[in-house]
Structure formats: C-alpha cells, structure tokens
Amino acid sequence: MADRVTVIGWDGSPLTSAARSALSAATLVAGAAHHLALPEVPPTAERVRLGSPGLAARRIAGHRGTAVVLADGDPGFFGVVRTLRAPEHGLEVEVVPAVSSVAAAFARAGMPWDDAQVVVAHPRTLRRAVNVCRAHPKVAVLTSPGAGPAELALLLDGVHRTFVVCEELGTDREQVSVLTSDKAADHSWRDPNVVIVIGGAGQAPTAEPGWLLGQTPAHSAERGWARTRPGAGEGESGLLHAAQLARLGPRTGDLVWDIGTGSGGVAVDAAALGAAVIAVDADPAARDRVTAAARTRGVQLQFVDGRAPHVLENLPEPDVVRVGGGGAEVVAAVADRRPGRIVSHASTRDEAEAIGRVLTEHGYDVECALLQSVDLDPRTWAEQDRSVVFLLAAQRPVTR
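Counting of residues starts from 1 at the beginning of each chain's written sequence and follows it residue by residue. Local features are withheld for residues below a pLDDT of 70 in this predicted model, meaning they are given only at 70 or higher, and side-chain atom pairs are given and counted only at 80 or more; totals for whole chains, interfaces and linings count all residues. Where side-chain values are given, they derive from all heavy atoms of the structure, hydrogens and water being excluded.

## Let's talk about the sheet that holds strand β7 (residues 138–142)
Here's step 1: Should DSSP find at least two bridges between two strands, the strands are taken to pair. Secondary structure is summarised from DSSP: a helix means a run of H or I of at least four residues, a strand means a run of E of at least two, and numbering begins at the N terminus for each. With mixed pairing, the five strands of this open sheet are ordered in space as β6-β7-β10-β8-β9. Looking at the sheet topology across the chains shown, the edges are occupied by β6 (117–120) and β9 (175–180). Each adjacent strand pair in this sheet contributes to an overall mean axis angle of 20°, direction not counted.
Here's step 2: Of the pairings in the sheet, the one linking strand β8 (residues 162–167) to strand β10 (residues 193–198) comprises six bridges and is antiparallel in character. Following the sheet pairing, E167 is matched in β10 by N193. The axes are straight lines fitted to the C-alpha atoms, using for helices just the contacting stretch, and the angles between their N-to-C directions are given from 0 to 180°.

What follows is the structure, given as structure tokens:
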C-alpha cells in the first residue's frame, strides 16, 4: 500500500515548499485535469484523474510508493480528506491546507461569512441545497456539474435572491459576477464555481460578533415553539401545533408546505428549525399576519395566496406537509405529490375517518389521536378555553 498520502490544497497561489517537496517525491499524483497539468507534478509519476474520491482512494491504497492528492481549496472542508481517512482504506494522511474556496468567495465579495450556511450541491442533493437557499438569507453553495448557478436559479423560481458567482477562483480566468437569481439561468458558467446566495426577509445584518458558525445572534425574546398565537383557527391551539410540528419533524434541507396556515404558527416554527417553508392561505389578511410573525421570529418564508388544492399545482415538491384546512379533498391532492410526511386535523370523527381513509388509500401509514387541551387560569384554576380535536399523522413507508 502507499507509504504516505499527502493531500495538497491548491487555491491558485504558488505551491508552498512543503507542497513542492511532497510532489517531488511522489510516485502517484491524483487530481483534476488542471492539477495534473501543474509543472511541479513529476513526469515519471503515475497520474490518476480524481473523479470518484472513493475509487481514487482504493487505487491509492493499492499503490506501492508515495502518493499525493491535489484538491481545490481546503481539502478538509467538504473535501477529499474525509474519504481518504475512511478506515477501510487504511491510509495515513498528511494535509497541506489552502484557503477554502468558500472563504475566497466571501473575500472577493467583501463580506463576512461566519453567519452563512454552507452547502454542497450535486445533482442528487440540488433540491435540498435550494431549500437551504429558500430558508436562509446568506448561503454559500459549492456547486458541481449539473448542479450549478443556472440549476439553482431554475429551482428558486418565484423566490428573489442575489447571486454572487465566483468562477475559477485563484486562476488567471477568475471572474466574479453579481446578478439577480432570475438572470442566472440565462448564463453558461465555468467550473469550478462557488455561488453566494443572498436575500430574503430574515434577520437584519448585525455588527455584533457571532459565536456559532452559520448563526446570527438571536434578536427575539421569544423562546420555544408552538406558543398559542392570536388568530389561530377554530379548534386549533398551541398544543395541537406542537403535536403537528413534532410529527412533521422539519429539518434543514426540507421544504414544508403549510396549507391553511392561519396565524402562521406552524410555518414560522418550521422555519425556525431550519426548513424552507411555503405558507398557503386564501384569507387576504393571512399574509400580513404570517409576515409579521416571521419578522418577529427572525425567519423567512414564502407566502402564497390561494385556495387549495388548485393553488398547489405549481408549487415545488414538498418533503413534509401540514394541512390546516380543506379536509379530505386537500389531503388527497397533497398525497398525490408523495411527501414523506403529512399531518392534518379534524373536528369530528366522520371528518377524521375520511382523511384517514384517503391517506391509507394513498399507501401511507396513518396514526390518529384524540387531543384535548384545557387552558386554566393559574390564579383561580378556572377553565378559560377548551379544545378537542382529532390529530392525523401519516408517513410514507420507506422502500428499501
């Protein structure tokens, strides 16, 4: 097996003495085409194109000699180091780092990035990367062929963002372009590139120093989720919202539909958990309520005016859905889109049975519970409000 593997990060600047020394002793060099063309690569060394890191790692593990892997930016930041250090390869890895392409991109833009989300977009993860861009005001996207700026822009249709596209950082062909997301789909972009996606109505920029990567200091005094909010629909309560939220399980990378959002309580809580959210309601006053709640909580979401199920036809594919109104007809339309989880509620047993039947017919595993909550005045223990409702939660079976 390889005596030693040195991973060299390359950011376009001249190689360090440590990197040159490692390369001069290499009997195998792996990297992209532009790495293998560097003059420091020994002409006698075996050259391996770094397409699949896993295949390259196995090739290196079987090599007798000294191996070097060249990678763009910092190879320990969403890079090849993780693959090479997998126990099954048995490799001892030494790293010569460089400036990460994300740090370089933000430097070119003149922006801080400790409050940014960082995601990797491959064709198989593109939709989830786009959902992060929907949910957060500052995201760096490490792109790949087939999942670049144009594809990001197409999937963000209807959501306005500003793109800072950094092409071929550190090379003579480096170019930085600033444009709106609706224009990005009309361009051809050179690989490799990093896209900084900015915008939305999330937390305002702050001069305060942060302490947690990817976060900004919380400016809302409110803690917790599913607090009872004015404007909730009849039969709805904070406890019902809590139960619905728990069964939805929204997370970063998910797209949540909240149909019949009402006060926006579930929508705002789902956004606070990192998910992208589309809140749908036919009530003209709902937009102002939901927008105000999102602003107070410091999150962003997209609001769509309209009545389900017709308004759902042009929405992007959801991961989890809360149906807050519309009954079995809307639940059926949602189930046709095959999200992973659906939650709904009903005020009568007949309505609950109809919703449960629709979900079962669509192949979902269905759970139903009768929830009763009573609000009490802690000074007199007198009853203030009572809610009785059927909660239905459905999960699509996992296919193996």
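## With respect to the sheet that holds strand β17 (residues 383–395)
Here's step 1: With mixed pairing, seven strands are arranged side by side in an open sheet as β13-β12-β11-β14-β15-β17-β16. The open sheet is flanked by β13 (302–305) and β16 (365–376), the only strands paired with a single partner. Between one strand axis and the next, the sheet turns through 20° on average, direction left out of account.
Here's step 2: Note: β16 against β17, 12 bridges, orientation antiparallel. If you follow L371 over to β17, its bridge partner there is V389.
Here's step 3: Contact definition: two residues touch when any of their heavy atoms are within 4.5 Å. The strands that helix α11 (residues 286–297) touches are β12 (276–281) and β13; relative to β13, the one it contacts most, it runs at about 175°.
Here's step 4: Across the sheet, helix α13 (residues 349–361) is in contact with β15 (341–346), β16 and β17; its angle to β15 comes to roughly 165°.

## Digging into the layout of surface pockets
Here's step 1: Cavities and pockets are defined on a 1 Å grid built over the protein atoms alone: a cavity is a set of grid points where a 1.4 Å probe fits but cannot escape, while a pocket is an open set with protein on both sides within 12 Å along at least five of seven lines, and lining residues are those with an atom within 4 Å of any such point. Grid points are joined across faces, edges and corners, and a volume is the space filled by probe spheres set on the points. What the largest pocket holds in volume is close to 1600 Å³.
Here's step 2: Lining the largest pocket are 49 residues, and of these A71, D72, F78, T143 and P192 sit closest to its centre.
Here's step 3: The set of elements that each furnish at least two residues to the lining of the largest pocket consists of α2 (33–36), β4 (65–72), α4 (81–84), α5 (101–109) and β10.
Here's step 4: In this count, Pro and Cys sit with the nonpolar residues alongside Ala, Val, Leu, Ile, Met, Phe, Trp and Tyr, while Asp, Glu, Lys and Arg are called charged and the others, Gly among them, polar. Tallied by class, the residues present in the lining of the largest pocket amount to 24 nonpolar, 17 polar and eight charged.

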